[in-house]
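# Observations on chain architecture
Here's the letter readout for the chains.
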Amino acid sequence: MKKSLIKKIILLISIIFLKTILSFSEDTTSDSDKINNISFRDKSKYFMKFRGNAAFVATYIFMWHDGMIDNNHYTFTNYEPVDYTDKGDPDKKHHTKEGRIIGGRWGGSEVKAYLNYYLIAPFLTFDNPLFKNNNIKLGFHYEISPITMNVGMSVTLTPIAFLTFQSGFLIGPGWSFAGIISGIGINDRGTILRQNFIGPLMQVWFSSTFQFDLSYVLPARYSRWMHFVFLATPIIRYQALLSINENIPYMYEEDIGENLNGWKLQGEYLLGYRIPVIEDYTGEDRQFLKMRHRNLLITAGIVLRMDYLHLSHFYDSRMKDKGWGSDFCFIEFGPGVNIELPYNYYVTLFALFKNDRSYTSETVGNLDYREREYNDWYVYFRRIGFFFGWNF
């Protein structure tokens, strides 16, 4: 039944996109003689465009004492284990149920490759700087890591230069790797039962992106050095492991195992400054992207990423009700640098902090997170990493 529904959704998206191409990909100029005199190279700007992107990401995740505050709402990186099991905490000062060992691992890592390809057609274009590049874009997405794989599609509408709307889906399985890590695992009251090819995991999202560059509203003599940029992408995402019900927590890609099926509020935001060392936009309007150019742009700023606020389970166990904090909003933030290189390559470097829940001293050692009691918030240094990508 689910497979049939997915096929119908894909078919419907494809039909809508095809009709859009037929309606808007033609030149609407009324002067037919002028059109006939345009060379094929010039006319290509009215045709559908094709764009692709391949990227590789690698991150290192530092170890911290989960649920414990060191000082002033901050927890330092710490690899020393704290034993709150019956052996290490025999008087049960820090656990009321089955206990756990906090910390003591080497940390974590993420390695993943992405491949995206887009078909772009003009859509509701007008002879105005804000509307002349309006388009609709059909995307095909593929991503793979050592323990997961996802494939999917998206549709992106650009109705005005600074605003886009997108909807899409991803679906894929997870598996075990070398018997040590796994893409998906069931959280059985705090114990992760790693699974092999369980799933699939389904993601559906709706998002909008607002982007602004101050230089584009200033006179030409000031604009080169006034590239103060702002980008905001709020996202509503449905994520579900289709083989379990919505009240069973699970682990995905070796995270802490507190995922629940349902809707989440997420977001990505950037406030930064762009340095145009060399600008070369020749061929940007071609049907296929020009492969040789000298572009060298550096954008540095503050990245803020809303990891998630769980909407479907918001009221399960709220902080103010002395619950485990189902209404807590997780946020990552920190400095980031993006360098656009010649030949369409780019590198992104980042170092991110993250907030989390601390628990009462009496319950912080409980193995099952649903048996802990929220006390306060704290921040810790989460991860460093880089993207290396190529646009084609």
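Because the structure is predicted, anything quoted here is derived from the model rather than measured.

Conventions and cut-offs
- Residues numbered from 1 in each chain as written.
- Predicted model: local features only at pLDDT ≥ 70, side-chain atom pairs only at ≥ 80, totals over all residues.
- Heavy atoms only, no water.
- Core = buried A, V, L, I, M, F, W, Y, C linked by side-chain atoms within 4.5 Å.
- Buried < 20%, exposed > 50% of the residue type's maximum accessible area, 1.4 Å probe, protein only.
- Helix = DSSP H or I, 4+ residues; strand = E, 2+ residues; numbered from the N terminus.
- Pairing = 2+ DSSP bridges.
- Axes fitted to C-alpha atoms, helices over the stretch in contact; angles between N-to-C directions.
- Contact = heavy atoms within 4.5 Å.
- Polar contact = N/O pair within 3.5 Å; in protein donor to acceptor, adjacent residues only side chain to side chain.
- Salt bridge = Lys/Arg side-chain N within 4 Å of Asp/Glu carboxyl O.
- Patch = residues over 30% accessible without salt bridge, like charges linked within 9 Å, V, L, I, M, F, W, Y side chains within 5 Å.
- Areas by Shrake-Rupley, 256 points an atom, 1.4 Å probe, with all protein chains shown as cover.
- Phe/Tyr/Trp six-rings, centres within 6.5 Å; stacked < 30°, edge-to-face > 60°.
- Lys NZ or Arg CZ within 6 Å of the ring centre and 35° of its normal.

## Some words on the nonpolar core
Counting eleven residues, the largest nonpolar core is built from Met48, Phe50, Leu119, Ala121, Phe123, Ile136, Leu138, Met153, Phe169, Ile171 and Met202. Counting residues per element, the ones that place at least two in this core are strand E5 (108-122), strand E6 (135-144) and strand E8 (163-174). Ranked by size, the runner-up nonpolar core spans eight residues in total, among them Ile186, Ile198, Tyr250 and Tyr252.

## As for the sheet that holds strand E15 (residues 250-252)
Hydrogen bonds between backbone atoms are what pair the strands of a sheet, whose relative direction is either parallel or antiparallel. Reading across the sheet, the three strands line up as E12-E11-E15 and stay open at both edges, with antiparallel pairing between neighbours. Across the chains shown, the open sheet's two edge strands, defined by having one partner strand only, are strand E12 (191-195) and E15. Neighbour-to-neighbour, the strand axes of the sheet open up by a mean angle of 30°, direction not taken into account.

## A short note on the pairing of strand E7 (residues 149-160)
Within a regular beta strand, the side chains point alternately toward one face of the sheet and then the other, so they alternate between its two faces. When E6 meets E7, the two strands line up antiparallel, connected through ten bridges. Bridge pairing in E7 links Leu138 to Val155. As consecutive antiparallel partners, E6 and E7 are separated by four residues. Sheet analysis places E7 next to E8, joined by eight bridges and oriented antiparallel. Counterpart to Ser154 in the pairing with E8 is Gly168. If you look at the hairpin formed by E7 and E8, you'll find two residues sitting between the two strands.

## Regarding the environment of Thr299
One can find Thr299 in strand E17 (residues 296-310). On the accessibility criterion, Thr299 (8% relative accessible area) is buried. In sequence terms Thr299 and Arg274 are 25 residues apart; their C-alpha atoms lie 4.1 Å from each other. Contact partners of Thr299, with chain neighbours within four places excluded, come to Val229, Tyr273, Arg274, Gly336, Val337 and Asn338. A polar contact of 3.0 Å, which involves the side chain of Thr299, links it to the side chain of Arg274.

## Some details on the environment of Arg194
Tracing the sequence through the fold places Arg194 in strand E12. Residue classification places Arg194 among the partly exposed residues on the basis of a relative accessible area of 39%. Considered as a pair, Arg194 and Gly183 are eleven residues apart in the sequence and their alpha carbons are 7.9 Å apart.

## A look at the pattern of salt bridges
All chains considered together, the criterion is met by 16 salt bridges. Between Arg357 and Glu258 there is a salt bridge whose closest N-O contact spans 2.4 Å. One end of the pair, Arg357, is in strand E19 (residues 345-359); the other, Glu258, is in the loop between E15 and strand E16 (262-278), with 99 residues separating them in the sequence. The residue Asp307 makes a salt bridge to Arg305 at a minimum N-O spacing of 3.6 Å. Classification of Arg305 as partly exposed rests on a relative accessible area of 27%. Here the salt bridges share partners, and the residues they tie into one network are Glu110, Arg305, Asp307, Glu332, Lys354, Arg382 and Arg383.

## Re a nonpolar patch on the surface
A contiguous nonpolar surface patch, about 950 Å² in accessible area, is contributed by Leu130, Phe162, Phe210, Phe212, Tyr216, Val217, Leu218, Tyr222, Phe230 and Leu271. Relative to the helices and strands, Phe162 resides in the loop between E7 and E8. We classify Phe162 as partly exposed; its relative accessible area is 31%.

## Some thoughts on the packing of aromatic side chains
Tallying each qualifying case throughout the model produces 28 aromatic pairs. Note on Tyr114 and Phe387: the rings are 6.3 Å apart at their centroids and 35° apart in plane angle, and the pair reads as tilted. With Tyr114 in strand E5 and Phe387 in strand E20 (residues 374-391), this residue pair connects regions lying 273 residues apart in the sequence. The rings of Tyr60, Phe62, Trp106, Phe333, Phe353 and Phe381 are connected pair by pair, giving a single aromatic cluster. The side chain of Lys264 reaches across the aromatic face of Tyr308, ending 4.7 Å from its centre. Positioned above the aromatic ring of Tyr359, the side-chain terminus of Arg372 is 5.3 Å from the ring centre.

## Brief notes about the side chain of Gln239
As for its position among the elements, Gln239 is in strand E14 (residues 228-241). When its relative accessible area of 8% is taken as the criterion, Gln239 is described as buried. Here the side chain of Gln239 touches Tyr250 through a polar contact of 3.3 Å, side chain to side chain. Ignoring any residue separated from it by four or fewer positions in sequence, one finds Gln239 in contact with Leu201, Met202, Gln203, Tyr250, Asn259, Leu260, Asn261, Gly262 and Lys264.

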